[in-house]
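Observations on chain architecture
As a plain string of letters, each chain reads:
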Protein chains: 2
Amino acid sequence: MAGSPHVVILRLGHRPARDKRVTTHVCLTARAFGADGVLVSTRDRTLERTVRAVVDKFGGAFFIETGVAWRRVIREWKGTVVHLTMYGEPVDDVLPHLARDALLLVVGAEKVPSELFEVAHVNVAIGNQPHSEVAALAVFLDRLFAGSAVRREFGGSVRVVPSARGKRMRKG
Amino acid sequence: MAGSPHVVILRLGHRPARDKRVTTHVCLTARAFGADGVLVSTRDRTLERTVRAVVDKFGGAFFIETGVAWRRVIREWKGTVVHLTMYGEPVDDVLPHLARDALLLVVGAEKVPSELFEVAHVNVAIGNQPHSEVAALAVFLDRLFAGSAVRREFGGSVRVVPSARGKRMRKG
């Protein structure tokens with residue numbers, strides 16, 4: 001989105017068999033709520049194909065790369081590294097003061113390496129209850145973009161026509 | 001939450017092996033973002049145990065029931081039935097006019113029966129892009145409660161102490 005912060009998601013701890021669906025949800029949520037792309041620490045060609053097929057059909061310039069060296073990604077990131085975790089500081093306190101430059105949003109699977117709490121610039125909680133990295137990411141992005149991401153046009157080859165009843169789609 | 005609408009989630013199309021993690025995320029997100037409980041159309045004792053273990057530890061009065069007759073639940077619901085779907089009307093248009101009585105929020109897995117679009121009072125999209133029922137539910141509830149759900153106290157036997165670094169928890 002023009003004038004919006006550049007946002008990339010870094011997904012850690014993905015185990016292709018076990019986390020297939022949840023990581024797919026992380027990727028599609030990142031795209032739908034305005035992130036530019038996702039980096040996944042584990043190599044997973046199937047996941048890449050799934051996400052790219054959605055981008056090809058529904059539009060936008062969202063990228064995915066899997067098998068990244070996550071420590072290096074964090075170390076070399078030119079901007080703010082935000083770790084979403086139930087143990088972090090309240091999003092209500094953090095978001096108003098967050099630098100709106102390039103954001104790397106880190107979301108783990110069930111366990112994350114404890115060093116992540118140290119190397120992130122900010123550890124942010126979307127509530128301090130256990131829930132879901134998909135939920136945390138969606139709400140963080142919805143608030144970051146003040147609700148505007150869901151109104152964005154993606155310019156895909158197919159698009160949904162919002163309807164009171166049933167499923168309507170049209171081409172281009 | 002006192003004075004808040006009564007909100008129950010109805011999860012359709014859950015296949016215990018395939019959707020185990022995503023449905024768990026749906027349930028925990030519902031609880032963390034202020035819903036009263038969740039009804040799951042497929043019987044799944046393991047899911048019930050997982051969710052109840054979180055409630056026992058982290059508090060609140062959230063309930064789960066699995067193996068419900070979903071058509072009857074919808075038919076007999078005293079309040080508004082809201083179906084969250086990428087094909088629906090924009091949340092920005094719907095939410096300001098939604099009756100704040102008892103809400104039944106219906107979320108499907110990959111495919112939902114087409115009759116659902118007819119029996120729901122409202123079909124609502126959190127953006128018209130494919131993403132995740134976990135994301136849709138989180139953002140809908142975050143907006144419904146105007147961001148207050150994540151500040152709620154659950155009074156559990158353990159609680160997280162929000163921290164800039166690391167994991168801190170305390171009893172009671």
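Starting afresh in each chain, residues are numbered from 1 along the sequence in its written order. To label them, take the chains in the order written and letter them from A, then take the ligands in the order written and number them from 1. pLDDT decides what is reported in this predicted model: residues at 70 or higher carry local features, side-chain atom pairs at 80 or more are listed and counted, and totals for whole chains, interfaces and linings draw on all residues regardless. The basis for every side-chain value is the complete set of heavy atoms in the structure, and neither hydrogens nor water enter the calculation.

**Examining the overall build of chain A**
Strands here are runs of E lasting at least two residues and helices are runs of H or I lasting at least four, both read from the DSSP assignment and numbered beginning at the N terminus. Across its full length, chain A holds six helices and eight strands. What you see in chain A, going N to C, is helices and strands ordered as β-α-β-α-β-α-β-α-β-α-β-α-β-β. For chain A, the C-alpha radius of gyration of 16 Å lies close to 16 Å, the compact-globule estimate for 172 residues. With the C-alpha coordinates of chain A rotated into their principal frame, the extents come out at 45 × 35 × 30 Å. Radius of gyration here is computed from C-alpha atoms only, and the compact-globule reference equals 2.2 Å multiplied by the residue count raised to the power 0.38.

**Looking at the relation of the copies chain A and chain B**
Once turned by 180 degrees and shifted 0.0 Å along the axis, chain A lies on chain B with an RMSD of 0.0 Å. Here the transformation between the copies is reduced to the relation of a two-fold axis. Taking the C-alpha atom as reference, chain A places Ala 135 of chain A closest to the rotation axis, 2.4 Å from it. For this analysis, residues touch if any pair of their heavy atoms sits within 4.5 Å. Comparing interface residues between copies, 100% of those in chain A also sit at the interface in chain B, which points to an isologous, same-surface contact. Copies overlap after least-squares fitting; the atoms used are the C-alpha atoms of residues with pLDDT of at least 70 in both.

**Things to note about helix 1 (residues 16–32) of chain A**
Residue and element names in this part refer to chain A. One axis is fitted to the seven residues ending at the residue and one to the seven starting there. The bend at that residue is the angle between these axes. Maximum bend of helix 1: about 40 degrees, positioned at Val 22. Three labels apply to residues, based on accessible area from a 1.4 Å probe with only protein chains included: buried if under 20% of the type maximum, exposed if over 50%, partly exposed otherwise in between. Most of helix 1 is tucked away, with 13 of its 17 residues classed as buried. Phi for Gly 34, located one or two positions after helix 1, is positive at around 100 degrees.

**Observations regarding the interface of chain A and chain B**
Contact with chain A, which involves 53 residues of that partner, is made by 53 residues of chain B. Overall, the association of chain A and chain B removes approximately 4600 Å² of surface from exposure, summing both partners, and the carbon and sulfur fraction of that is 59%. Of all residues in chain A, the largest losses of buried area upon contact with chain B belong to Arg 21, Tyr 87 and Arg 165 of chain A, amounting jointly to 16% of the total for that side. Salt bridge, as applied in this entry: a Lys or Arg side-chain nitrogen positioned within 4 Å of an Asp or Glu carboxyl oxygen. Remark: the boundary between chain A and chain B carries four salt bridges. A simple way to read buried area is as the amount of 1.4 Å-probe accessible surface that goes missing from two parts once joined, with both sides added.

**What about the packing of helix 1 of chain A against helix 1 (residues 16–32) of chain B?**
Axis geometry follows a simple rule: fit a line to the C-alpha atoms, using only the stretch in contact for helices, then measure angles between N-to-C directions, giving values from 0 to 180 degrees. Where helix 1 of chain A contacts helix 1 of chain B, the axes come no closer than 7 Å and their chain directions differ by 45 degrees. Between helix 1 of chain A and helix 1 of chain B, the interaxial angle falls into the category oblique. For the pair helix 1 of chain A and helix 1 of chain B, the sense of crossing is right-handed. Along the contact surface, helix 1 of chain A presents Arg 18, Asp 19, Arg 21, Val 22 and His 25 of chain A, while helix 1 of chain B presents Arg 18, Asp 19, Arg 21, Val 22 and His 25 of chain B. Grouping the amino acids of the contact of helix 1 of chain A with helix 1 of chain B by side-chain chemistry returns two nonpolar, two polar and six charged. Here the angle decides the label: under 35 degrees means roughly parallel, over 145 means roughly antiparallel, 65 to 115 means roughly perpendicular, and every other value means oblique. We call a crossing left-handed when the near helix sits turned anticlockwise from the far one by less than a right angle, and right-handed when that turn is clockwise. For this classification, the nonpolar set comprises Ala, Val, Leu, Ile, Met, Phe, Trp, Tyr, Cys and Pro, the charged set comprises Asp, Glu, Lys and Arg, and every other residue, Gly included, is treated as polar.

**Some points on the packing of aromatic side chains**
Residues and elements named next belong to chain A. Geometry of aromatic contacts follows a simple scheme: Phe, Tyr and Trp rings, the Trp one being its six-membered ring, pair when their centres are within 6.5 Å, and the pair is stacked under 30 degrees between planes, edge-to-face over 60, tilted otherwise. Evaluated as defined, the whole model comprises two aromatic pairs over all chains. For the pair Tyr 87 and Phe 117, a centre-to-centre distance of 6.4 Å together with 70 degrees between the ring planes defines the contact as edge-to-face. With Tyr 87 in strand 4 (residues 80–90) and Phe 117 in helix 5 (residues 116–119), the pair connects residues that are 30 residues apart, well separated along the chain. Residue class for Phe 117 comes out buried when judged on its relative accessible area of 3%. A ring is considered to have a charge above it if a Lys NZ or an Arg CZ atom is located within 6 Å of its centre and within 35 degrees of its normal. Directly above the aromatic system of Phe 154 lies the positively charged group of Arg 31, at a separation of 4.4 Å from the ring centroid.

**Remarks on the sheet that holds strand 3 (residues 63–66) of chain A**
All names here are of chain A. Taking strand neighbours across the sheet as the criterion, the six strands line up as 3-2-1-5-4-6 in an open arrangement whose pairing is parallel. The open sheet has two edge strands, strand 3 and strand 6 (122–125), and neither has a second partner. When the angles between neighbouring strand axes are averaged without regard to direction, this sheet yields 30 degrees. Set on the sheet, helix 6 (residues 133–144) makes contact with strand 1 (7–11), strand 4, strand 5 (103–107) and strand 6; between it and strand 5 the angle comes to about 160 degrees. Between any two strands, pairing holds if DSSP finds at least two bridges.

**Some points on the sheet that holds strand 2 (residues 37–40) of chain B**
Residues and elements named next belong to chain B. A sheet is described by the order of its strands in space; here six strands give the open sequence 3-2-1-5-4-6, paired in parallel fashion. Edge positions in the open sheet fall to strand 3 (63–66) and strand 6 (122–125), since each of these has one partner strand only. Put simply, the sheet's adjacent strands are angled 30 degrees from each other on average, direction ignored. Contacts from helix 2 (residues 45–58) reach strand 2 and strand 3 within the one sheet, and its direction differs from that of strand 3 by about 180 degrees. Running over the sheet, helix 6 (residues 133–144) touches strand 1 (7–11), strand 4 (80–90), strand 5 (103–107) and strand 6 and is turned about 160 degrees from strand 5.

**Examining the packing of helix 1 of chain A against helix 6 of chain A**
Residues and elements named next belong to chain A. Close contact between helix 1 and helix 6 brings their axes to 9 Å; oriented N to C, the two are set at 5 degrees. By the angle between their axes, helix 1 is roughly parallel relative to helix 6. Only Glu 133, Val 134, Leu 137, Ala 138 and Leu 141 of helix 6 make contact with helix 1, whose side of the interface consists of Val 22, His 25, Val 26, Thr 29 and Ala 30.

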